[in-house]
Amino acid sequence: LTLIDIDDVNLNRILEDLTSISLQQLTIRSRTSVTWTKSTLACLSTILHHSSLKQLTLSIWCFEIHEFLWPNTCSIEYLQISSRITFEQYCTILERCPHLQTLIIKDVLWNNPEVILSSVYPQLKALTAEDNRMDMAR
């Protein structure tokens with residue numbers, strides 16, 4: 001399912017309907033001027049909890065991804081996020097998505113340069129950071 005330039009009200013309605021459907025792939029590209037409500041983000045979290053969803057692409061405002069709560073376990077294998085995420089969110093995604101093989105992210109905000117990955121994530125086979133400002137010398 002691909003949703004392009006959808007507003008929050010309609011997205012919320014569709015996501016509520018999807019919580020009971022086995023969906024394998026979901027792409028959401030929201031309008032640049034649209035802000036998602038907590039209800040919409042909660043519906044998306046519920047959908048991610050379904051074991052059938054394997055591929056997710058999100059093109060949303062960076063502010064919204066900061067409010068998003070990843071489910072404790074997630075079966076997705078491919079994730080693309082076209083907005084900035086924090087380093088803590090990056091770690092959360094890797095911890096809660098044990099089947100994730102491909103991760104494509106726009107940018108990771110390395111807000112604490114002293115934080116180092118404390119775990120190994122062997123499930124990840126491909127990582128693309130499109131606009132990363134991390135110091136690779138460490």
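Residues numbered from 1 in each chain as written. Predicted model: local features only at pLDDT ≥ 70, side-chain atom pairs only at ≥ 80, totals over all residues. Heavy atoms only, no water.

Participant: Just give me the short version of the confidence of the model for the protein, but keep the residues and values in it.
Facilitator: The pLDDT averaged across the protein works out to 81; a share of 80% of its residues lies at or above 70. For the protein, the element scoring lowest by mean pLDDT is helix 3 (residues 62-67), at 60; strand 3 (residues 55-59) scores highest, at 90. (pLDDT = per-residue confidence, 0-100. Helix = DSSP H or I, 4+ residues; strand = E, 2+ residues; numbered from the N terminus.)

Participant: Break down the environment of Thr37 for me, with residues and values.
Facilitator: Relative to the helices and strands, Thr37 resides in the loop between strand 2 (25-30) and helix 2 (38-49). Dropping the residues within four chain positions of it, Thr37 is found in contact with Asp8 and Asn12. (Contact = heavy atoms within 4.5 Å.)

Participant: Report on the sheet that holds strand 2, specifying residues and quantitative values.
Facilitator: Taking strand neighbours across the sheet as the criterion, the 6 strands line up as 1-2-3-4-5-6 in an open arrangement whose pairing is parallel. Each edge of the sheet is formed by a strand with only one pairing partner; in this case those strands are strand 1 (2-6) and strand 6 (126-129). Each adjacent strand pair in this sheet contributes to an overall mean axis angle of 15°, direction not counted. One ladder, built from 4 bridges, connects strand 3 with strand 4 (residues 78-86); its direction is parallel. The residue of strand 4 that forms the bridge with Gln55 is Tyr78. (Pairing = 2+ DSSP bridges. Axes fitted to C-alpha atoms, helices over the stretch in contact; angles between N-to-C directions.)

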